[in-house]
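Understanding the architecture of this molecule
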Amino acid sequence: MELCCIVQLGVPSSASPGTLLSSPMLKEHDITQQSEGMRTLSLGGHVGFDSLPDQLVSKSVSQGFCFNILCVGETGIGKSTLMNTLFNTTFENEEASHYLDKVLLRPRTYDLQESNVQLKLTIVDTVGFGDQVNKEESYKPIVDYIDTQFENYLQEELKIKRSLFNYHDTRIHVCLYFIAPTGHSLKSLDLVTMKKLDSKVNIIPIIAKADTISKSELHKFKIKVMSELVSNGVQIYQFPTEDEAIAEINSSMNAHLPFAVVGSSEEVKVGNKMVRARQYPWGAVQVENESHCDFVRLREMLIRVNMEDLREQTHARHYELYRRCKLEEMGFKDTDPDNEPFSLQETYEAKRKEFLSDLQRKEEDMRQMFVNRVKETEAELKEKERELHDRFELLKRTHQEEKRNVEEKRRDLEEDMNSFNRRKVAAETLQGQAFQAASQLSIKKDKDKKN
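Residues numbered from 1 in each chain as written. Predicted model: local features only at pLDDT ≥ 70, side-chain atom pairs only at ≥ 80, totals over all residues. Heavy atoms only, no water.

This part is about a nonpolar patch on the surface. A cluster of nonpolar side chains, namely Leu-43, Val-47, Phe-49 and Leu-52, defines an oily patch on the protein surface of about 370 Å² accessible area. In this structure, Phe-49 sits in the loop between strand E3 (38-41) and helix H3 (52-63). For Phe-49, a relative accessible area of 54% corresponds to the exposed category. (Patch = residues over 30% accessible without salt bridge, like charges linked within 9 Å, V, L, I, M, F, W, Y side chains within 5 Å. Areas by Shrake-Rupley, 256 points an atom, 1.4 Å probe, with all protein chains shown as cover. Salt bridge = Lys/Arg side-chain N within 4 Å of Asp/Glu carboxyl O. Helix = DSSP H or I, 4+ residues; strand = E, 2+ residues; numbered from the N terminus. Buried < 20%, exposed > 50% of the residue type's maximum accessible area, 1.4 Å probe, protein only.)

Pasting the structure below:
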């Protein structure tokens, strides 16, 4: 078995294991067996690598952090108000219409700073969610958006020259799913959407506008919601309990899911101090009063305790699942059918050959298709040419026949004109003769009268 040894500083690296055990320097220290094949050597003094956590903190603070929140819920349920209340500021907000024909995702990024920590916060709003008559496809734009952010990160990872250290990570770290406070049960749209999202993002269910139902109804509604999520196999985000420092508070907070929250940016005077609350004729609902709502619990769990775990879960669980499925679709595997290590170069060459053969096959299909289309076009042109020739011959015969008919009619007309002229001349001759005879008769009568 190969031995892994953690060697004390000051011992020559060329020394054999036997030399190490017999070294006077090592005799002054306790050598303990930590695990099989690995030995732990105690140090004789301070070295300095215990400052690594401080170095990591300093580097992380200088680089800044990013956190991306997806708010899913119906229009007017209070998504923007809760975001303003969570981060104690006022984000840009546009009034959304209830008459959109599809769901739109509107991301907005803000640079925030608290003390010396910079946070690049992206809030993605689902505009028009649940407003359509047919809600069957309402979840698809959300799923597509999440997959697109995973794909963008994967493409950056696969680049030859990549720069992940300053890459703006837009992957969704948490989905705050706003549930309408009906007091009865979850809507089918909520169950379907959360079921489609639970393998892609950390879901934290929230009962919005929790001040609209009574405490007893709210308690029953929480139990009903969790029961329906479990029975339908919806995996929501559970606050981690592995770390002893936060195990107790996270365990207690898991029992409060889903959080019943109230958001408000207005300050109301209660007693001698100003607090954020919603003022009603019968009194005020204080946002940061844990007996009134779970807003403080949500803020503690989301921002102050588990923000880094949400980021890690997104990368280690949801993104890795997407990455594995995507690479498997591309033909990459860890081992071949014989359980031997899979060569990336061989996989690339195989995929390249497959791609080239597929490309060649498609080119041949396209060429054959082109030839067939040319033949079909030529046949169509010949058929049209034949039809045009037949029409020309028909028109030619029709023209000749009409020409003959016109010639015959012209000859008949000329004969009629000649006959008419002959009759006219004969009539004029007879008329002249009759006029001359009448004139002679009149002259003769005049002579007879004179005699």
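Take the pairing of strand E11 (residues 273-280) next. By the bridge criterion, 4 bridges tie strand E10 (residues 267-270) to E11 in an arrangement that is antiparallel. The residue of E11 that forms the bridge with Lys-269 is Met-274. Between the end of E10 and the start of E11, which pair antiparallel, lie 2 residues, with Gly-271 showing a positive phi angle near 70°. Sheet topology note: the E11/strand E12 (residues 283-286) ladder contains 4 bridges and is antiparallel. (Pairing = 2+ DSSP bridges.)

Below, the discussion takes up the side chain of His-318. Structurally, His-318 can be placed in helix H10 (residues 307-329). A polar side-chain atom of His-318 sits 3.3 Å from the main-chain carbonyl oxygen of Ser-199. A distance of 2.9 Å separates polar atoms of two side chains, one belonging to His-318 and the other to Asn-202. (Polar contact = N/O pair within 3.5 Å; in protein donor to acceptor, adjacent residues only side chain to side chain.)

Spatially, the 3 strands line up as an open sheet ordered E10-E11-E12, and their pairing is antiparallel. Looking along the sheet, the strands with just one partner apiece sit at the ends: E10 and E12. Looking at each pair of strands side by side, their axes are set apart by 70° on average, direction ignored. (Axes fitted to C-alpha atoms, helices over the stretch in contact; angles between N-to-C directions.)

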